[in-house]
Amino acid sequence: MKALITGITGQDGYYLSKFLLEKDYEVHGTIRRSSTFNTSRIDSLIAEYEGTEKFKLYYSDLIDSSSLTNLISLIQPDEIYNLAAQSHVAVSFKNPVYTSQTGIGTLNILEAVKNSKKNIKYYQASSSEMYGGANEEKLNEDSIFDPKSPYAASKLFGHNMTKIYRESYGLFCVNGILFNHESPLRGETFVTRKISRAVGRISNEIQKSLTLGNLSASRDWGFAGDYVEGMWLMMQYNQPEDWVLSTGETHTVEDFVKIAFSAANLKWSDFVQTDKKFYRPNEVNYLLGDSTKAKTKLNWNPKVSFKELVHMMVESDTKLAEQEKLLIEKKLLNKTWE
């Protein structure tokens, strides 16, 4: 089996690649050409499969339709997982045009799949942000979408186009509506990683405080490693449908903060402060998912609990901070000798 993953250098790209490789897939991934390499998350996979045909990377971009078409024609994948996007909600307000263009990128892939002579299965990474979170209710595949950010609107466009191409052309196209999923590989600008990174640095006396925005915002947080298994299960189902993946629990940012600092034996209120500048222009206050369909039909269940997830991230970032501290001490020592 061959899989093509766009956005392979991201958190989900790593966990999905690892999962598929362990299932003996041949994994191909796209990376955007830039002046610097951004493959740190998947460097271990690159090293492990160097010199083999099991793991290959290509330069491409979602908004370059010809490069995508040529790449799909070259690889002839059995499955395509479209994970690429401008994935940060706050950034989408500052860069709405580029964020929206990645939605058009979904259409470019769908056109290539439609015109391919091979029957290719397609996975679209949708998002719980599409719901808007105006009401405190459990959200499933039939709940109403009400996007509150350019990111969410772009995701909704890709979601709807995937559904349209499935219904219009009989393609095997699925939407995975994933609620927040985190890991030690989460980007440092995301609030969960910002917290765990700060805890590691504060416990190692590198950082003195942490400033956050809305502590009362509630999210349904799970582990990314569990969610990529759900992506794959959607593609193995006997027909293409839309699926919600979530834990069925919601926790506030403050809950995350308390557990994270407690894991390092620190009192969170001694270090955390809030600032309105970190609030979103159009806040999503509450998200809670209902994965009954995935649990019933796909036999999918999240394995890592919320507390385990927080502890996993803090443990990883504490080790990272310890390495950072050693480097700082080494530089200071060298400076002293100079």
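Above this text is the structure in question.
To start, this report covers the structure provided alongside it. (Residues numbered from 1 in each chain as written. Predicted model: local features only at pLDDT ≥ 70, side-chain atom pairs only at ≥ 80, totals over all residues. Heavy atoms only, no water.)

A few words on the overall build of the protein. Per the secondary structure count, the protein includes eleven helices and 13 strands. Over its C-alpha trace the protein gives a radius of gyration of 21 Å, about what one expects of a compact globule, namely 20 Å for 338 residues. Overall, the C-alpha framework of the protein stretches about 65 × 50 × 40 Å when taken along its three principal axes. Taken across its 338 residues, the protein has 52% of its residues classed as buried. (Helix = DSSP H or I, 4+ residues; strand = E, 2+ residues; numbered from the N terminus. Rg over C-alpha atoms; globule rule 2.2 N^0.38 Å. Buried < 20%, exposed > 50% of the residue type's maximum accessible area, 1.4 Å probe, protein only.)

Moving on: the side chain of Arg-186. With respect to the helices and strands, Arg-186 occurs in the loop between β7 (181–182) and α7 (191–203). Aside from chain neighbours lying at most four places away, what touches Arg-186 is Gln-11, Arg-41, His-181, Thr-192, Arg-193 and Met-313. (Contact = heavy atoms within 4.5 Å.)

Membership of the largest hydrophobic core comes to 60 residues, with the highest contact counts inside it found for Leu-20, Tyr-81, Tyr-123 and Ile-195. In terms of residue count, the dominant contributor to this core is helix α8 (residues 224–236) (eight residues). When near neighbours in sequence (up to four residues on either side) are disregarded, Leu-20 contacts Ala-3, Ile-5, Tyr-25, Val-27, Tyr-81 and Trp-232. Membership of the second largest hydrophobic core comes to 19 residues, among which are Ile-72, Ile-109, Val-113 and Tyr-122. (Core = buried A, V, L, I, M, F, W, Y, C linked by side-chain atoms within 4.5 Å.)

Applying the stated criterion across every chain yields a total of one cavity of 30 Å³ or more. Approximately 80 Å³ is the volume attributed to the largest cavity. Those elements giving two or more residues to the lining of the largest cavity turn out to be α5 (96–115) and α6 (150–169). Considering only residue class, the lining of the largest cavity consists of three nonpolar, nine polar and one charged. (1 Å grid on protein atoms, 1.4 Å probe; cavity = no way out; pocket = protein on both sides within 12 Å on 5 of 7 lines; lining within 4 Å. Points joined across faces, edges and corners; volume = space filled by probe spheres on them. Nonpolar A, V, L, I, M, F, W, Y, C, P; charged D, E, K, R; others polar.)

This brings us to unusual backbone geometry. Backbone geometry at Asp-24 places phi at a positive 70°, although glycine is not the residue there. Note on placement: Asp-24 falls in the loop between α1 (11–22) and β2 (26–31). Judged by its relative accessible area of 59%, Asp-24 is exposed. In this structure, Gln-76 takes a positive phi of about 55° despite not being glycine.

This part covers the pairing of strand β1 (residues 2–6). Burial within β1 is extensive, with four of its five residues counted as buried. Pairing geometry for β1 and β2, over five bridges, is parallel. Considered in β2, the bridge of Ile-5 is made with Gly-29. Running through α1, the crossover from β1 to the neighbouring parallel element β2 is right-handed. (Pairing = 2+ DSSP bridges. Right-handed = clockwise from strand over helix to strand, strands pointing away.)

Looking now at the side chain of Ser-60. With respect to the element layout, Ser-60 can be found in the loop between β3 (55–59) and α3 (65–75). According to the relative accessible area criterion, Ser-60 is buried, its value standing at 8%. A distance of 3.0 Å separates polar atoms of two side chains, one belonging to Ser-60 and the other to Ser-67. When near neighbours in sequence (up to four residues on either side) are disregarded, Ser-60 contacts Thr-30, Ile-31, Arg-32, Ser-67, Leu-68 and Leu-71. (Polar contact = N/O pair within 3.5 Å; in protein donor to acceptor, adjacent residues only side chain to side chain.)

Going through the model one piece at a time under the given rule, you end up with 13 aromatic pairs. Summarising the aromatic geometry, the rings of Tyr-81 and Tyr-123 are spaced 5.9 Å apart at their centres and angled 40° between planes, so their arrangement reads as tilted. Taken together, the residues Tyr-81 in strand β4 (residues 79–82) and Tyr-123 in strand β5 (residues 121–127) connect sequence positions 42 residues apart. Take Tyr-123: its relative accessible area is 0%, and that puts it in the buried class. Of the aromatic side chains, those joined through ring pairs into one cluster are Tyr-14, Tyr-15 and Phe-223. For the cation-ring pair, Lys-23 lies above Trp-232, with the distance from its terminal atom to the ring centre recorded as 4.4 Å. Here Lys-194 stacks its cationic end above the ring of Phe-278, 3.9 Å away from the centre of that ring. (Phe/Tyr/Trp six-rings, centres within 6.5 Å; stacked < 30°, edge-to-face > 60°. Lys NZ or Arg CZ within 6 Å of the ring centre and 35° of its normal.)

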